[in-house]
Amino acid sequence: MSELPKAYEPRAVEEKWYAAWIEGRCFEADPSSAKPGYSIVIPPPNVTGILHLGHVLNNTLQDILARRARQSGKEVLWLPGTDHAGIATQAKVERVLRESEGTTRHALGREEFLKRVWEFKDTHGDIIIRQLKRLGCSCDWSRERFTMDESYSRWVSHVFVELFKEGLIYRGRRIVNWCPVSLTALSDEEVIMTPRKSKLYFVRYELADGSGRHLAVSTTRPETLMGDVAVAVNPKDPRYAEFVGLTVRRPFPAAEIPVIADEHVDMEFGTGALKITPAHDKADFEISLRHGLEIIDVLTPDGRIDCPQCPDLHGLDRFEARKVAAAKLEELGLLIKVEDYENSVGYSERAQVPVEPRISMQWFLRYPCAGEAADAVADGRITFRPARWAKTYAHWMEHLQDWCISRQLWWGHRIPVWYRKDKLDALKQAAALGMEDFTRGDIHVAIDPPDDSDDWVRDDDVMDTWFSSWLWPFATMAEPGGNSALLRKFYPTDDLVTGPDILFFWVARMIMAGLRFTGDIPFRNVFFTSIIRDLQGRKMSKSLGNSPDPVELMDRYGADGLRFGLMRIAPVGSDLRFDEHSVEEGRNFANKLYNACRLRQMAGGGCVPPADPQDLPPYHIDILAKLDALAEDLVAGFAGYRFGEIAQRLHEFLWSEFCDKFLEAVKPDLRDGASEAARNATLATFDAVMSRYLQLLSPYMPHIAEELSARMGYISDGEFVMNRRLPETRLVDFDADVAQAKAAAVYESAGRLRNLKTECNVATRRDLRFIVRNHPAWIDAESRVLAMLAGAATISLEPDYDPPKGTPAAVTPCGECYLPLEGLVDVAAERARLEKEIAKIRGEVARCEAKLGNPGFVDRAPADVVDQEKARLADWIGKLDRLQAMLDALS
């Protein structure tokens, strides 16, 4: 053994062992190993991101799975990496350029700007990696990947080219989420729906026949009515049946537009008549396609009005134009009314401004292998945990829409398409580019540029970040079209741990990509983490100030304390309510474990060989059997991905069963004067239990488990407990029921006797005695332990004892136990205390009886509330009877 310092210092211990694991190459996977493979790929965090609690939860779960797999004898690959995060990283660099140099990317030019982004990445890109290492993540860092690495970039281009050849990638004008600040299309995941108080404007659209009749149209966006091309009503709406087929006058610029019937129109919204603006609303765009309507774009990319026919609106910001348009309608006598209206508005996650549904020429993908991907979950080849997410997945897969994969950014994987310079203008005007264009030679779609590259110009756009990350499970393991040893050994991966918010954006797409480009599923299990909220139920956010810095938490409580504290409160399938107190409890648990091992070291001696368990006292057999049960429970817990339950069982065993019960019961064996046989038996039991317990704890609290295993001499020099195979034999290989029943009886009886002392106001006295009658025969051998645990000087076994009336007593598994109070209390003072307590309890009884005697409460309150009140009354009456008996005894 190596002596443990007096206090546990987690920071020093964690740094020491992480460095030792790296030096010992403990995390590196060997694809040539004969051991069965286990693999998991990290959801790549943004390369310039920093650790938040969601990362801590997700990566702790992955680390637990990876470490447990190593203990189970598997060859483990936990493959790490980072995502280039196109829009987020570009926005950060652009902000730095504005603030530090007063310049823009356009002023620098594309090549110089990208050079600056790479410099920024090289400077800041390893921050989150260092933080993950601080957390204790056992990733194979020798295989760290980055989505902009050359080999990975070739994968992205390869996939684009292949899908283009299949006709699944095309270019066309569609409605997209458009950010008027970042000037790019956005994915749905980058749009945050936010409740907002808006206005609903009711506008007169007069019939063009001069009859004076009109349709009342409701809209939240009067600033786009210059792009109106129709008014739509539901064909089932009798209010408007006579208007279908007629025309109405658009207010400005003046034009006649048709009234059409479409089942998409909600008859209950507003007036039931909907203005159709195809260029600025997705639903309107779909209606326009069905009815062959014109598409008029009246907004510039930066969100200003583009309508020279209305000079008073042209060039205005969209929100300023809304006010002007409303005033203009009122001036024309066409504004019927304005009502307050609450709706959800999509905001750009990065720019924090409302996104604009905008018609735009973009690259789109028709998903490959969609049916196979849906079947993979439905037939159980991929298991979702919790299972309810499979239904959500199935619904999404049934309603797939083409994916907008292009982004108007510079940082990212550039579209691998080149245009002939002499055809460029014509091609820019094309509504779609397909196979026919490709074979004519007007465009070049390939990983590499055309040979005569001077005659070609490359597409300016880059691909959506998700278009690279959907390849992550296999593109990190092999070159395009390759079949590496790593891929053969570790693909498909075993587990994916991720958040349910990206079930479609990432998980579903990975399944489709895996099936298309490897012919197999990318993973077998998907565990969806909880959403972390504060105690008020709010999502964590910097703006609310409720999102603590995990690094600061590790500084205060240690990485193991943070990991274990978070795991104990992590439910399966519901949100996690974070409380820093749970992390503090994680640190306290580490201290409890550490101090238990210090107690063992202070008892002296090295590791003691285990004795025959059948010859041990019941408390020893009990704790050995409970360790066996714990190991079995953990097997079931891991099989069911019940991480919080496992943490609770680990905590309960160490704190309650081992420290509060076993160590208290065996303390006399460690004191001076104890027999050598008893001391050795206790030390041997301690070591047998603790050495295995540290193995079981290691995936959750790897640093302290390694430290104590080494310091206690449970592993040899150069060995790591994280790599030690879990034992397959039990500590107790015989029926331990009798011994466990005895130990349980003593522990429970001691607890009841301590409660009795408290009721009698002698909790701190240790010079008293209990008299026991009607006891089992075996209790004589355990009376010394029972007395010590109960805080008594002696336990007297007197089968014929006749207690005076009112003698405080407790019925226990060890018999009827009596506490004579002669000489222990000041009778007058105790009588006064009891009378005061009795008066207080009588008041509580009266309150409960009055409440239960009130028909208004009994008849109207929920049944469970009434039952709780009845239970309270029974408790009060029982306590009143006990105190009255004690008062009578004093007489």
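Residues numbered from 1 in each chain as written. Predicted model: local features only at pLDDT ≥ 70, side-chain atom pairs only at ≥ 80, totals over all residues. Heavy atoms only, no water.

(A) Representation of the overall build of the chain within the structure. From N to C terminus, the chain includes 29 helices and 29 strands. Its C-alpha atoms give the chain a radius of gyration of 37 Å, more than 25% over the compact-globule value 29 Å for 891 residues. Along the three orthogonal principal directions, the C-alpha set of the chain runs to about 110 × 75 × 55 Å. A sequence separation of at least 24 residues applies to 79% of the contacts in the chain between residues at least 6 apart. Working note: accessible area of the chain is about 39300 Å², and carbon and sulfur atoms make up 49% of it. Distance between charge centres in the chain, computed from 112 positive and 135 negative side chains, equals 2 Å. (Helix = DSSP H or I, 4+ residues; strand = E, 2+ residues; numbered from the N terminus. Rg over C-alpha atoms; globule rule 2.2 N^0.38 Å. Contact = heavy atoms within 4.5 Å. Areas by Shrake-Rupley, 256 points an atom, 1.4 Å probe, with all protein chains shown as cover. Lys, Arg positive; Asp, Glu negative; His and termini not counted. Charge placed at Lys NZ, Arg CZ, Asp CG, Glu CD.)

(B) Structural view of the sheet that holds strand E11 (residues 255–261). Here 4 strands make up an open sheet; going across it, the order is E10-E11-E9-E12 and the pairing mixed. The two strands at the open ends of the sheet, each matched to only one other strand, are strand E10 (247–250) and strand E12 (273–276). On average, each strand axis in the sheet is tilted by 35° relative to the strand beside it, whichever way the strands run. The sheet contact formed by strand E9 (residues 230–233) and E11 spans 3 bridges and is parallel. Paired with alanine 232 across the bridge in E11 is isoleucine 260. (Pairing = 2+ DSSP bridges. Axes fitted to C-alpha atoms, helices over the stretch in contact; angles between N-to-C directions.)

(C) Representation of the confidence of the model for the chain. Per-residue confidence for the chain gives a mean pLDDT of 92, with 98% of residues at or over 70. Below a pLDDT of 50 lies the segment residues 431–439, which in the model reaches 22 contacts outside its immediate sequence neighbourhood of four places, other chains included. (pLDDT = per-residue confidence, 0-100.)

(D) Expanded view of the packing of helix H2 (residues 53–71) against helix H19 (residues 559–568). Two elements in contact, H2 and H19, have axes separated by 10 Å at closest approach and are oriented at 95°. The angle between the axes of H2 and H19 places the two elements in the roughly perpendicular class. Across from Leu53, Val56, Leu57, Thr60, Leu61, Asp63, Ile64 and Arg67 in H2, the residues of H19 making contact are Leu562, Arg563, Leu566 and Met567. Classifying every residue of the contact of H2 with H19 gives 8 nonpolar, 1 polar and 3 charged. (Parallel < 35°, antiparallel > 145°, perpendicular 65-115°, else oblique. Nonpolar A, V, L, I, M, F, W, Y, C, P; charged D, E, K, R; others polar.)

(E) Structural view of helix H27 (residues 827–852). Under the 1.5 Å per step criterion, the end-to-end length of H27 is 37 Å for 26 residues, consistent within 8% with the ideal 38 Å. Glu830, Leu834, Ile838, Ile841, Glu844, Val845 and Cys848 are the residues of H27 that are buried. (Expected span 1.5 Å × (residues − 1). Buried < 20%, exposed > 50% of the residue type's maximum accessible area, 1.4 Å probe, protein only.)

(F) Representation of the packing of aromatic side chains within the structure. Summed over the entire model, instances satisfying the criterion amount to 40 aromatic pairs. Relative to tryptophan 411, the ring of tryptophan 118 has its centre 5.2 Å away and its plane inclined at 80°; by these criteria the two rings are edge-to-face. Here tryptophan 411 lies in the loop between strand E17 (406–407) and strand E18 (417–420) and tryptophan 118 lies in helix H5 (residues 110–124), a separation of 293 residues in the sequence. With centroids separated by 5.3 Å and ring planes inclined at 90°, the aromatic side chains of tryptophan 403 and tryptophan 470 adopt a geometry described as edge-to-face. Within this pair, whereas tryptophan 403 is found in strand E16 (residues 403–404), its partner tryptophan 470 is found in the loop between helix H14 (465–469) and helix H15 (472–475), the two being separated by 67 residues in sequence. You can call tryptophan 470 buried: its relative accessible area is 0%. Pairwise contacts between aromatic rings join Phe160, Phe164, Trp363, Tyr367, Trp396, Trp403, Trp466, Phe467, Trp470, Phe504 and Phe505 into one cluster. Over the ring of phenylalanine 146 we find lysine 121, and its NZ or CZ is 4.6 Å from the ring centre. A cation sits over an aromatic face here: arginine 420 above tryptophan 456, 5.2 Å from the ring centre. (Phe/Tyr/Trp six-rings, centres within 6.5 Å; stacked < 30°, edge-to-face > 60°. Lys NZ or Arg CZ within 6 Å of the ring centre and 35° of its normal.)

(G) Up close: helix H6 (residues 127–135). Buried within H6 we find Ile128, Ile129, Gln131, Leu132, Arg134 and Leu135. For H6, the secondary structure elements touched by its buried residues are helix H1 (10–23), H2, strand E3 (81–82), helix H18 (550–557), H19 and helix H24 (702–711). At the C-terminal side of H6, glycine 136 shows a positive phi close to 100°.

(H) Quick peek at a negative patch on the surface. Where like charges cluster on the molecular surface, the negative patch consists of Asp451, Asp452, Asp454 and Asp455. Within the secondary structure, aspartate 452 is located in the loop between strand E19 (443–445) and strand E20 (456–458). (Patch = residues over 30% accessible without salt bridge, like charges linked within 9 Å, V, L, I, M, F, W, Y side chains within 5 Å. Salt bridge = Lys/Arg side-chain N within 4 Å of Asp/Glu carboxyl O.)

(I) Main features of the packing of H19 against H24. In the contact formed by H19 and H24, the axes pass within 7 Å of each other and the chain directions differ by 125°. Put simply, H19 runs oblique to H24. Contacts between H19 and H24 pair Ala559, Asp560 and Arg563 from the former with Pro702, His703 and Ile704 from the latter. When grouped by side-chain class, the residues that make up the contact of H19 with H24 number 3 nonpolar, 1 polar and 2 charged.

(J) How the structure looks around the side chain of aspartate 228. Structurally, the position occupied by aspartate 228 is in the loop between strand E8 (214–219) and E9. Residue classification places aspartate 228 among the buried positions, given a relative accessible area of 0%. Of the polar contacts made by the side chain of aspartate 228, one reaches the side chain of lysine 275; its length is 2.8 Å. At 2.7 Å, the side chain of aspartate 228 and the side chain of threonine 277 are in polar contact. (Polar contact = N/O pair within 3.5 Å; in protein donor to acceptor, adjacent residues only side chain to side chain.)

(K) How the structure looks around unusual backbone geometry. Here phenylalanine 252 and proline 253 are connected by a cis peptide whose omega angle stands at -15°. Mapped onto the elements of the fold, proline 253 is located in the loop between E10 and E11. A cis geometry characterises the amide bond from tyrosine 491 onward to proline 492, with omega recorded as 0°. The topology assignment puts proline 492 in the loop between helix H16 (485–490) and strand E22 (493–498). Residues other than glycine seldom take positive phi values, yet cysteine 369 does so here, at roughly 55°. Its place among the elements puts cysteine 369 in the loop between strand E14 (356–365) and helix H10 (370–378).

(L) Quick peek at the nonpolar core. Ranked by internal contacts, the top residues of the largest apolar core, which has 200 residues, are Phe160, Phe467, Phe658, Tyr693 and Tyr700. The contacts of tyrosine 700, once residues within four sequence positions are left out, are Ile64, Asp560, Arg563, Phe564, Met567, Phe638, Phe643, Ile646, Ala647 and Leu650. Core analysis: the next-biggest nonpolar cluster, separate from the first, contains 26 residues, Leu225, Phe243, Val298 and Ile305 among them. (Core = buried A, V, L, I, M, F, W, Y, C linked by side-chain atoms within 4.5 Å.)

(M) Representation of the environment of glycine 172 in the model. Along the polypeptide, glycine 172 turns up in strand E5 (residues 169–179). Residues glycine 172 and cysteine 404, spaced 232 residues apart in sequence, show a C-alpha to C-alpha distance of 9.8 Å.

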